[in-house]
Amino acid sequence: MLRTNRPLTSGAEGRILSLENMAMAVAEHRESSIDRHLDSSGKYVRYTAEQVEALERVYTECPKPSSLRRQQLIRECPVLANIEPKQIKVWFQNRRCREKQRKEASRLQAVNRKLTAMNKLLMEENDRLQKQVSQLVCENGFMKQQLHTPSAAGTTDGNGDSVVTTPQNSMRDANNPAGFLSIAEEMLAEFLSKATGTAVDWVQMPGMKPGPDSVGIFAISQSCSGVAARACGLVSLEPKKIAEILKDRPSWFRDCQSLEVFTMFPAGNGGTIELVYTQTYAPMTLAPARDFWTLRYTTYLDNGSLVFVRAEMLPSGYLIRPCDGGGSIIHIVDHLNLQAWSVPEVIRPLYESSKMVAQRMTIAALRYIRQIAQETSGEVVYGLGRQPASLRTFSQRLSRGFNDAVNGFNDDGWSVLNCDGAEDVIIAVNSTKNLSGTSNPASSQTLLGGILCAKASMLIQNIPPAVLIRFLREHRSEWADFNVDAYSAASLKAGSYAYPGMRPMRFTGSQMIMPLGHTIENEEMLEVIRLEGHSLAQEDAFVSRDIHLLQLCSGIDENAVGACAELIFAPIDEMFPDDAPLVPSGFRIIPLDSQPGDKKDTMTTNRTLDLTSGLEVGPATNHPAGEASSYHNNRSVLTIAFQFPFESNLQDNVAVMARQYVRSVISSVQTVAMAISPSGVNPAVGARLSSGSPEALTLAQWICRSYSYYLGTELLRSDSLLGDLVLKHLWHHQDAILCCSMKSMPVFIFANQAGLDMLETTLVALQDITLDKIFDESGRRALFADFAKLMQQGFAYLPAGICMSTMGRHVSYDQAIAWKVLAEEDNSVHCLAFSFINWSFV
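The structure presented is a predicted model; accordingly, all values stated were derived computationally and were not measured. (Residues numbered from 1 in each chain as written. Predicted model: local features only at pLDDT ≥ 70, side-chain atom pairs only at ≥ 80, totals over all residues. Heavy atoms only, no water.)

Q: Which residues make up the confidence of the model for the protein chain, and what values go with them?
A: Averaged over every residue, the pLDDT of the protein chain is 75; the share at 70 or more is 72%. pLDDT under 50 marks residues 1–20. Its contacts with residues more than four places away, or in other chains, come to 21 contacts. This stretch, residues 680–693, has a pLDDT under 50; its non-local contacts, to residues over four places away or in other chains, come to 52 contacts. (pLDDT = per-residue confidence, 0-100. Contact = heavy atoms within 4.5 Å.)

Here's what the structure looks like:
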């Protein structure tokens, strides 16, 4: 049985009206008492018009005058000479109470109008749900009848041939206005059936309960083609103003790169039909950007409602109805087919998620309109004397600059440097980027080189995005390098020193967060970050080198289902003028919905994996039982992008620095993720694997099975080979176990904790180490001598020797065992594994 929100009853409305009437009665009593005062004989005498005017002038300047000010008033105003100071005091008290009562009555009237509109909205929602229940009952009865009554599989004519009916007007000429109008009318009818009817099986958005203080009523599709989301709410703006805001899609939809109207012609009833081309950003480095051809139809309905519909594969749009007493009720429907088959399988749930569409499009639109409405009414107050429109522009520029960096469109001047597809960090360069926030060429920042971006995406598991973003925001020193921040800030200043000759700096550890503004539900915050630093040069020992960052933070509410979390920042001058150049960097974490085959109880450890293990594009594959547990129900994609201004003669140096810095940030984020993981388990599966590698759990199973197959003994205890325990025990194995790729120049793709300790490296930097670098000359000779034996019989024992860590320290080991690791599917050689027994630093 469906549960619905109970609308306000007439009794509830009566109680609201009685409260309003009571407030108005009290206000009227104050009105009558404030116009009278006691004379010398003790009788009430009305104030004259001149006396009231004199008192009102003072009240406008000072609503609560002191005793001295009241006595001064009596002396300066002869018309008040016959009134006692005490009576003057009472007049001001009554005047303040009257003002308070008027505001309260006005507030109650506004609340009453809002509740009336919400009641109307809930009644409509109740009617829709009742229709849906009736429809389900009818379908249920029909299904029961079909189960008890045999029915023909199809209808045929007398000759036994199937009869197929073709819809009329299936082919229409869309090259003329009449053809467009015919399509638009069908779009409108289908949209209205979604917005107010039962064309889509809507279910309430998890964690978004409707109520008087909520933004609106939100729902997502349960079973329909594509993904869909719906919202309806009350906004204190007129329908025409709302339509203007929503049509300016790039202003509120952060994923919209550009929107261009190619054709527009008038339609009936004061409407228009437009052919619109929209380009959208990809949310991460692993997904392609999208573009849409949209037919947009704007018209007025017979009841005065303004509606405009767009067809981005499936009809969507906005129904805006005027409310009695001002404001509007808006219905929003977003219905898309995002072609999930065209993206890598590991991120496919993102493109099959109605929750993500709801958060990034539907709810974002309604929140933005309500934000504009509150700013227009003066309800929103921002810090540092900034106007709301100015701060909103800063937020949009930060978001757009980060999206530009993540996507790196060639049309915008970006080009990728020396990328063979196997790099974990992508380096892109833009030599034509204009850093100014305005279109004025005179105010644009001129650089001899351009902007360099280092970016990467990775999969994190068992960590809520809100928790990780909140930690990164509050504990910047755990992952950021103050000197890199100082370089980025200095590069934006004319005539400043440039990398690598910058002055050495020291971060004092102090970070001050100064809020500028936030949205009405605090889902997004704009703030200035001040990092305190001092120069290490002796001549500047006492000179402050503070760095200021403009920062946008969103998604820190753990209860927001499907919402992505972002932390985007850019160096800025402490005065931050409106046209200040911005070069944004930061993090974006997008949650992935659970896949149908996910096992919720098979894996409780925190995992941080390279996404290149899931880049096969095509139909979904069936994973083996042992591999299925690697897909956890709580997964997210973390995208990191850092931008660095550079001069042309320093491009190579900055590129090396940027790649190393982003890798160190990734390593720090992995460490942070392990520390704050709710499971509290060590990062057994924190391995970053190179391109083409399986996920860590599968690789661990291959390592152990191949060891047992070739050497005839178990690498781990038999009770450790169940489920994901194999990876945990392999990670904590006392011997250093490493795997290297089967390439002409073998590089390491996996190491357990002992292996990382022996090489004195991190998971991120592991793949930069080649096999020949860790052995000394005698070790390399021994390996080359036994390599043919290793490939022939599948394993080899190497004698005791010396190897080298990445820090240049010598490591001795009693014995090394090498064996081939076979892929389970086709028994092909996936990589080589090495176990260094009883190793220690010399």
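Q: Tell me about the pairing of strand β5 (residues 227–235), and name the residues and values.
A: Of all nine residues in β5, nine are buried, a share of seventy percent or more. Taking every second residue as pointing to the same face, both faces of β5 are buried, with V227, A229, A231, G233 and V235 on one and A228, R230, C232 and L234 on the other. Relative to β5, strand β4 (residues 217–221) runs antiparallel, the two sharing four bridges. Looking at β5, one finds that A219 is bridged to R230. Counting the residues between successive antiparallel strands, the hairpin from β4 to β5 contains five residues, one of them, G226, with a positive phi of roughly 75°. Note: β5 against strand β11 (residues 328–336), nine bridges, orientation antiparallel. Bridging from a neighbouring strand, V227 pairs with L336 of β11. (Buried < 20%, exposed > 50% of the residue type's maximum accessible area, 1.4 Å probe, protein only. Helix = DSSP H or I, 4+ residues; strand = E, 2+ residues; numbered from the N terminus. Pairing = 2+ DSSP bridges.)

Q: Outline the pattern of salt bridges, listing residues and values.
A: Throughout the structure, instances matching the rule amount to 15 salt bridges. With a shortest N-O distance of 3.2 Å, E56 and R98 are connected by a salt bridge. Pair noted here: E56 is in helix α2 (residues 49–61) and R98 is in helix α4 (residues 85–148), with a separation of 42 residues, a long-range link. Residue E56 is classed as partly exposed on the basis of its relative accessible area of 21%. On the basis of relative accessible area, R98 is assigned to the buried category, the value being 8%. For E566, the salt bridge goes to R588, with nearest N and O atoms at 2.6 Å. (Salt bridge = Lys/Arg side-chain N within 4 Å of Asp/Glu carboxyl O.)

Q: I'd like to hear about the packing of aromatic side chains, residue by residue, with values.
A: If you walk through the whole model with that rule in mind, you get 22 aromatic pairs. In textbook terms, an aromatic cluster arises when at least three aromatic residues are bridged by ring pairs, as seen for W479, F569, F587, F642, F644 and Y661. In this arrangement the basic side chain of R95 is found over the ring face of Y59, its NZ or CZ atom lying 4.3 Å from the centre. A cation over an aromatic ring shows up here: R476 above the ring of F569, its NZ or CZ 4.4 Å from the ring centre. (Phe/Tyr/Trp six-rings, centres within 6.5 Å; stacked < 30°, edge-to-face > 60°. Lys NZ or Arg CZ within 6 Å of the ring centre and 35° of its normal.)

Q: Can you tell me about helix α9 (residues 354–376), naming the residues and giving the values?
A: Taking 1.5 Å per residue as the helical rise, α9 with its 23 residues ought to reach 33 Å, and the 32 Å between its terminal C-alpha atoms agrees with that figure. Taking the largest bend as the criterion, α9 deviates by roughly 40°, centred on A364. Most of α9 is tucked away, with 20 of its 23 residues classed as buried. N-cap assignment for α9: the residue whose side-chain oxygen lies 3.3 Å from the backbone N of K355 is S353. (Expected span 1.5 Å × (residues − 1). Bend = angle between axes of the 7 residues up to and from the residue. Polar contact = N/O pair within 3.5 Å; in protein donor to acceptor, adjacent residues only side chain to side chain.)

Q: I'd like to hear about the environment of S221, residue by residue, with values.
A: Note on placement: S221 falls in strand β4. S221 gets classed as buried once you look at its relative accessible area, which sits at 10%. At 3.0 Å, the side chain of S221 and the side chain of S354 are in polar contact.

Q: Quick rundown of empty space enclosed by the protein? Include the residues and the values.
A: Over the atoms, a rolling probe the size of a water molecule traces out where space has been left empty. In this structure the tally under the stated criterion is three cavities of 30 Å³ or more. Estimated volume of the largest cavity: approximately 350 Å³. Lining of the largest cavity is provided by 20 residues; of these, F253, D255, Y281, L338 and Y351 occupy positions nearest its centre. For the lining of the largest cavity, the leading source of residues is α9, giving four residues. Among the residues making up the lining of the largest cavity, the classes are represented as 13 nonpolar, two polar and five charged. Taken as a whole, the second largest cavity holds about 110 Å³ of empty space. At the level of elements, α12 (482–491), β18 (565–571) and β21 (635–646) are the ones that each hand at least two residues to the lining of the second largest cavity. (1 Å grid on protein atoms, 1.4 Å probe; cavity = no way out; pocket = protein on both sides within 12 Å on 5 of 7 lines; lining within 4 Å. Points joined across faces, edges and corners; volume = space filled by probe spheres on them. Nonpolar A, V, L, I, M, F, W, Y, C, P; charged D, E, K, R; others polar.)

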